[in-house]
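Chains, contacts and geometry: an overview
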Amino acid sequence: MSMSEVIDKVSIQVTVNGRSYQREVEPRLLLVQLIREELGLTGTHIGCDVTYCGACTVLVDGNPVKSCTMLAVQADGQEILTVEGLEQDGELHPLQKAFSENHGLQCGYCTPGMLMSSMALLAENPDPGPDEIRKGISGNLCRCTGYNNIIKSIQAAAKEMAG
Amino acid sequence: MYPAPFHYHRADSLQGAISLLSELGDSARALAGGQTLIVWMKLRFDEPQHLVDLGRIPDLSRISQEGDEVRIGALATHAEIAGSAVADLLPIVRDCGSGIADAQVRSRGTIGGALGSADPSCDWPTLLHTLDAELTCTGPEGTRTIPVSELVEDIYTTILKPAELITEIRFRRPPANSGGSYTAFKRCAPAYPTASAGVQLTLEDGDVCSDIRIALGSAGLKTVTSEEAENILRGHALTEASIDKAAEAIVAAAEPVPDQRGSEDFKRAVLRTLVKRAVDIAVRRCHGETIRGHHEYV
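Calculation notes
Residues numbered from 1 in each chain as written. Chains lettered and ligands numbered in written order. Predicted model: local features only at pLDDT ≥ 70, side-chain atom pairs only at ≥ 80, totals over all residues. Heavy atoms only, no water. Helix = DSSP H or I, 4+ residues; strand = E, 2+ residues; numbered from the N terminus. Rg over C-alpha atoms; globule rule 2.2 N^0.38 Å. Buried < 20%, exposed > 50% of the residue type's maximum accessible area, 1.4 Å probe, protein only. Core = buried A, V, L, I, M, F, W, Y, C linked by side-chain atoms within 4.5 Å. Phe/Tyr/Trp six-rings, centres within 6.5 Å; stacked < 30°, edge-to-face > 60°. Pairing = 2+ DSSP bridges. Axes fitted to C-alpha atoms, helices over the stretch in contact; angles between N-to-C directions. Contact = heavy atoms within 4.5 Å. Buried area = accessible area lost by both parts, 1.4 Å probe. Salt bridge = Lys/Arg side-chain N within 4 Å of Asp/Glu carboxyl O. Polar contact = N/O pair within 3.5 Å; in protein donor to acceptor, adjacent residues only side chain to side chain. Nonpolar A, V, L, I, M, F, W, Y, C, P; charged D, E, K, R; others polar. Domains from an automatic or database assignment.

Looking at the overall build of chain A
A count of helical and extended segments in chain A gives 5 helices and 5 strands. Put simply, chain A runs from its N terminus to its C terminus through helices and strands in the order β-β-α-β-β-β-α-α-α-α. Here the C-alpha radius of gyration of chain A, 17 Å, is about what a compact globule of 163 residues would show, namely 15 Å. With the C-alpha coordinates aligned to their principal axes, the bounding extent of chain A is approximately 55 × 30 × 25 Å. Within chain A, the fraction of its 163 residues that count as buried is 53%.

Here we look at the nonpolar core
Core analysis: the biggest nonpolar cluster contains 35 residues, and Val93(B), Leu115(B), Trp124(B), Leu128(B), Ile169(B) and Phe171(B) have the highest contact counts within it. Counting 32 residues, the second largest nonpolar core, distinct from the first, contains Leu34(A), Val60(A), Ala75(A) and Tyr8(B).

Things to note about the packing of aromatic side chains
All names here are of chain B. Within the structure shown, the criterion is met by 3 aromatic pairs over all chains. Both rings, one in Trp-40 and one in Tyr-156, keep their centres 5.0 Å apart while their planes meet at 80 degrees; by these two values the pair is edge-to-face. Linking Trp-40 in helix α2 (residues 37-42) with Tyr-156 in the loop between β8 (152-154) and β9 (157-158), this pair joins segments that are 116 residues apart in sequence. Here Phe-185 and Phe-266 contribute two aromatic rings whose centre-to-centre distance is 6.4 Å and whose plane-to-plane angle is 70 degrees, an arrangement assigned as edge-to-face. Of this pair, Phe-185 sits in strand β11 (residues 178-186) while Phe-266 is found in helix α12 (residues 264-286), placing the two residues 81 residues apart along the sequence. Since its relative accessible area comes to 24%, Phe-185 is described here as partly exposed. An aromatic cluster of three or more residues is present, and its members are Trp-40, Phe-45 and Tyr-156.

A short note on the sheet that holds strand β1 (residues 7-10) of chain B
All names here are of chain B. Pairing in this open sheet of 3 strands is parallel, and the strands run β1-β3-β2 from one edge to the other. The open sheet has two free edges, formed respectively by β1 and β2 (28-31), since each of these has just one partner strand. Ignoring which end each strand starts from, the neighbouring axes of this sheet average 25 degrees apart. Direction of pairing for β2 relative to strand β3 (residues 50-53): parallel, over a ladder of 4 bridges. Bridged to Leu-31 within β3 is Asp-53. Sheet strands in contact with helix α1 (residues 14-24) are β1, β2 and β3, and its direction is about 170 degrees off that of β3.

Section: the interface of chain A and chain B
Facing the 38 residues of chain A at the interface are 37 residues of chain B. Across the interface of chain A and chain B, roughly 3100 Å² is buried in total on both sides, 55% from carbon and sulfur atoms. Between the two partners, chain A and chain B, sit 3 salt bridges. We note a salt bridge from Asp76(A) to Arg10(B), for which the minimum N-O separation is 3.1 Å. Where chain A touches chain B, the interface holds 16 residue pairs in polar contact (both at pLDDT 80 or more). When contributions to the side of chain A that touches chain B are tallied by element, the ones reaching two or more residues are α1 (31-38), β4 (63-66) and α4 (130-136) of chain A. In terms of residue count, the dominant contributor to the side of chain A that touches chain B is β4(A) (4 residues). Among the residues making up the side of chain A that touches chain B, the classes are represented as 16 nonpolar, 13 polar and 9 charged.

Digging into the pairing of strand β5 (residues 69-73) of chain B
The side chains of a regular strand alternate, first on one face of the sheet and then on the other. For β5(B), the tally of buried residues reaches 4 of 5 residues, placing the bulk of the element in the interior. Counting the residues that bridge the hairpin from strand β4 (residues 63-66) of chain B to β5(B) gives 2 residues, and of these Gly67(B) lies at a positive phi of roughly 60 degrees.

Here we look at the domain arrangement of chain B
Residues and elements named next belong to chain B. Under the domain assignment, chain B is made up of domain 1 (1-119 + 132-173) and domain 2 (178-297). Relative to domain 2, the C-alpha centre of domain 1 lies at a distance of 25 Å. The interface of domain 1 with domain 2 comprises 15 residues on the first partner and 15 residues on the second. Summing the contributions of domain 1 and of domain 2, the shared interface buries around 1200 Å²; its carbon and sulfur component is 51%. Counting every contact that joins domain 1 to domain 2 gives 2 salt bridges. Residues Asp-95 and Arg-285 are paired through a salt bridge, measuring 2.8 Å at the closest nitrogen-oxygen approach. Across the contact surface, domain 1 and domain 2 share 6 residue pairs in polar contact (both at pLDDT 80 or more). Among the secondary structure elements, those contributing two or more residues to the side of domain 1 that touches domain 2 are α5 (91-97) and β8. With 4 residues, α5 is the largest single contributor of residues to the side of domain 1 that touches domain 2.

A closer look at the pattern of salt bridges
Residues and elements named next belong to chain B. This structure, assessed with the given rule, holds 25 salt bridges over all chains. Taking the shortest distance from any N to any O, the salt bridge between Glu-168 and Arg-71 comes out at 3.5 Å. With a gap of 97 residues between them, Glu-168 in strand β10 (residues 165-172) and Arg-71 in strand β5 connect regions that are remote in the sequence. The closest approach of N and O atoms between Arg-284 and Glu-289, which form a salt bridge, is 3.2 Å. By relative accessible area, which is 30% here, Arg-284 ends up partly exposed. On the basis of relative accessibility, which here comes to 37%, the residue Glu-289 falls in the partly exposed class. Three or more residues are tied together by salt bridges with common partners; here these are Glu-69, Arg-71, Glu-134, Glu-168 and Arg-170.

Here is the structure:
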């Protein structure tokens, strides 16, 4: 394609963390770039950029998605939840609290993605065992913790959320 | 990383998608879940000038079972299939659907996309060989049925004509006393398998194997099957020795490519183990045992 060719922008509407946004985007804009660069929500991280590490995981209509591998235009009309949407009225979400209390992170780079995958896991299975948690977060790589404290954190959050 | 610039078209019907793809020709690609295509475009392995997004076409993700026929819409995601009544009925389908990559990829990736990519590392094509699935394909010249074994011409290349799309996957529900298993060995969840094996078999009169299909993935440039291996087991009671012999026969037919996932010898050793493990699980499932299948990774 010649550099001078004009690419039509596409008008999209997305709801992110309960707030509706209308944007004109280039078709090649990735969802993660929409979230970080257009909407300024930099809690969602880019790690590997090739569908491997899960740092960019967000929920789209409740389903976990690697936002580096979805076009913003594909999310048109959909509801997105990012890590910024977990906190309610200044209160950390039980998962965030549990990660903090159980030392479920060290450098913190993978944490937003870990939290979003954990949200999806607990929505589907509110009381997962350690193996189910390992499988549930197997699309999220952490190079610091060795995962054990992450598993402990998710179990603690599950308990807290069950009341 | 950005893909190269492209024009975006959202199809609202199957016919609309086919017309657009015909009109745009070779400079266009059909976008399903994007879990292969988007990565390829970001890595600039492919730089289409147009993307025709199939994602909003209604009715292409229906999963149903009528009589003994199972039908899966091409846009059904791995997660939708793994969570369907068909997966309850056929554990081999759940093994595959719930084992592909990770939860995130399973949310987006589709069975039709996995077939259309003609990537020998994709799990669905291998599994569907064991069920003798047929694909309904529609293009500018109408609709035709393609057996899954004929879809792939060579690595990353199907026999689909320009603007022709896979719309549905169909297969017969295996008879009573059947069992299947699909298993893959991966370096980690999101990685493509190092090797995979699927086995679907039927037992009669005690333990006589009346029918069997075996297929290997990531074992060459296309899915690997072996009539010789199946004939060693078909019509006989299964024994450790005969299963070993059949595994040897199909592994001999494989042509695994050495790469960062392992040497050729290593892959052959993994394939041999996966075939034997899949036969073992398939037999136990025939006997009514409930076994949760999974892909292996460390």
